[in-house]
Amino acid sequence: MEGREMGVLLRHLRQEANMTQRELAETLHVSAQAVSKWETGAGCPDVSLLAALAERFGVSVERLLAGDLGLNELDGGNMRRLKFYVCPDCGNILTATGGGELHCCGRKLEPLAARPVDEEHAVTVQEVEEDWYITFSHPMEKGHFIRFAAYVATERVLLVRLYPEQGGEFRIPQLRGGGKLYLCCSRDGLFEVKI
C-alpha cells in the first residue's frame, strides 16, 4: 500500500462527493487535519476506518488500499460479452458486460467459464408460436439442479431462474438475430449452446 496513491484517490473521491475535508472528518469522527494528512500522503487512515471510507465512497476496501479504482476498458456494453456470477452462499445471480469486481456475502465472485453442453446437460429446443420451448433431462434435485437459464442476444438477455423439484422445461421469447442459451448447473458450472 502506497500512502501517496491512497491519498490521491481519497482526495479525488471526496471532491467527487462534493465534500470538504471537515465534512469527511466529521462523518468519520476524526480531525480535518487527519484527512489532510491522508490526502497528502503524510499518513494513512487507521484500519478501523477503511470500511467506513469504502462505504461512504462506494468503493471496495481493496481499491482504497491499492490507491486505484482500476477502471475497465470500455466495451460498449455488448451483451455477447456478458459474464455470469453466482454467489456460493446465497445463490444470487449477477451479470456484467465488462470487467470489474463483484462481491456478495463478503466474497469476491469470479465469472463462470462457459463450455459447450455435454450429454448430461443437453437441451431440446422447439419453436412454439413465437417462443422457444426448451426441455432438458437434467436432474432437478436439491443438491444437483439447473440454477438458471439465460438466452443472450446482441441487445438483451432473458434470464429464467430455475429451482429444485421444478420440471425440466421453460419457455422464452425468441429474439431477432439468434443468440446463445446458457445453463448453469449447481454442481458442474456453466454450459452454452447456440440457438
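Residues numbered from 1 in each chain as written. Predicted model: local features only at pLDDT ≥ 70, side-chain atom pairs only at ≥ 80, totals over all residues. Heavy atoms only, no water.

Draft legend 1. Geometry of the sheet that holds strand E12 (residues 189-194). Reading across the sheet, the five strands line up as E5-E12-E11-E8-E9 and stay open at both edges, with mixed pairing between neighbours. The open sheet is flanked by strand E5 (114-116) and strand E9 (157-161), the only strands paired with a single partner. Looking at each pair of strands side by side, their axes are set apart by 25° on average, direction ignored. In terms of strand pairing, strand E11 (residues 180-185) meets E12 through six bridges, oriented antiparallel. From the neighbouring strand, Cys185 faces E12, where its bridge partner is Gly189. (Pairing = 2+ DSSP bridges. Helix = DSSP H or I, 4+ residues; strand = E, 2+ residues; numbered from the N terminus. Axes fitted to C-alpha atoms, helices over the stretch in contact; angles between N-to-C directions.)

Draft legend 2. Spatial organisation of the pairing of strand E7 (residues 131-136). Only one face of E7 is covered, namely the one carrying Trp132, Ile134 and Phe136; the face carrying Asp131, Tyr133 and Thr135 has none of its residues buried. Of the strand pairs in this sheet, strand E6 (residues 123-128) and E7 are connected by six bridges, and their pairing is antiparallel. Among the inter-strand pairings, Val125 is bridged to a residue of E7, identified as Ile134. Counted between consecutive antiparallel strands, the loop separating E6 from E7 contains two residues, among which Glu129 sits at a positive phi close to 55°. Summarising the sheet, E7 and strand E10 (residues 169-173) pair through five bridges and their orientation is antiparallel. Along E10, the bridge assignment pairs Asp131 with Pro173. (Buried < 20%, exposed > 50% of the residue type's maximum accessible area, 1.4 Å probe, protein only.)

Draft legend 3. Spatial organisation of the packing of aromatic side chains. Taken as a whole and judged by the stated rule, the model has three aromatic pairs. Judged by centre distance (5.2 Å) and plane angle (50°), the rings of Phe84 and Tyr182 are tilted. Within this pair, whereas Phe84 is found in strand E1 (residues 83-86), its partner Tyr182 is found in strand E11, the two being separated by 98 residues in sequence. Look at Phe136 and Phe170: their rings are 6.4 Å apart centre to centre, the planes differ by 55°, and that puts the pair in the tilted class. (Phe/Tyr/Trp six-rings, centres within 6.5 Å; stacked < 30°, edge-to-face > 60°.)

Draft legend 4. Spotlight on helix H3 (residues 32-40). Buried within H3 are the following residues: Ala32, Ala34, Val35, Trp38 and Glu39. Buried residues of H3 fall within an arc of 155° about the axis and therefore sit on the same side. Positive backbone phi, approximately 85°, marks Gly41, located one or two places after H3. (Arc of directions from axis to C-beta.)

Draft legend 5. Local environment of helix H4 (residues 47-57). Every buried residue of H4 is accounted for by Leu49, Leu50, Leu53, Ala54 and Phe57. Taken end-on, H4 shows its buried residues confined to a sector of 140°, consistent with a single buried face. Exposed and facing more than 90 degrees away from the buried side of H4 are Ser48, Ala51 and Glu55. Where H4 terminates, the next one or two residues include Gly58, which has phi positive at roughly 70°.

Draft legend 6. Examining the nonpolar core more closely. If you look at the biggest cluster of nonpolar residues, it comprises 19 residues, and the most contacted ones within it are Leu10, Leu13, Leu24, Trp38, Leu53, Phe57 and Leu64. Elements supplying a minimum of two residues to this core: helix H1 (3-16), helix H2 (21-28), H3 and H4. The greatest single-element share of this core, amounting to five residues, is contributed by H4. Residues Val123, Tyr151, Leu162 and Leu183 belong to the second largest nonpolar core, which totals 18 residues. (Core = buried A, V, L, I, M, F, W, Y, C linked by side-chain atoms within 4.5 Å.)

Draft legend 7. Molecular detail of the side chain of Arg147. Tracing the backbone through its elements, the reader meets Arg147 in strand E8 (residues 146-152). Although buried, Arg147 forms no salt bridge, and the nearest oppositely charged side chain, Asp89, lies 9.6 Å from it. When near neighbours in sequence (up to four residues on either side) are disregarded, Arg147 contacts Val86, Gly91, Val160, Arg161, Leu162, Cys184 and Ser186. (Lys, Arg positive; Asp, Glu negative; His and termini not counted. Salt bridge = Lys/Arg side-chain N within 4 Å of Asp/Glu carboxyl O. Contact = heavy atoms within 4.5 Å.)

Draft legend 8. Main features of the confidence of the model for the protein chain. Here the protein chain averages 87 in pLDDT, and 92% of its residues register 70 or above. Confidence, expressed as mean pLDDT per element, reaches its minimum in the protein chain at helix H5 (residues 61-66) with 80 and its maximum at E5 with 95. (pLDDT = per-residue confidence, 0-100.)

Draft legend 9. Looking closely at the pairing of E1. Two elements, E1 and strand E2 (residues 93-96), share four bridges in a ladder whose sense is antiparallel. Among the inter-strand pairings, Val86 is bridged to a residue of E2, identified as Ile93. In this antiparallel pair of consecutive strands, E1 and E2, the connection spans six residues, and Gly91 shows a positive phi of 85°.

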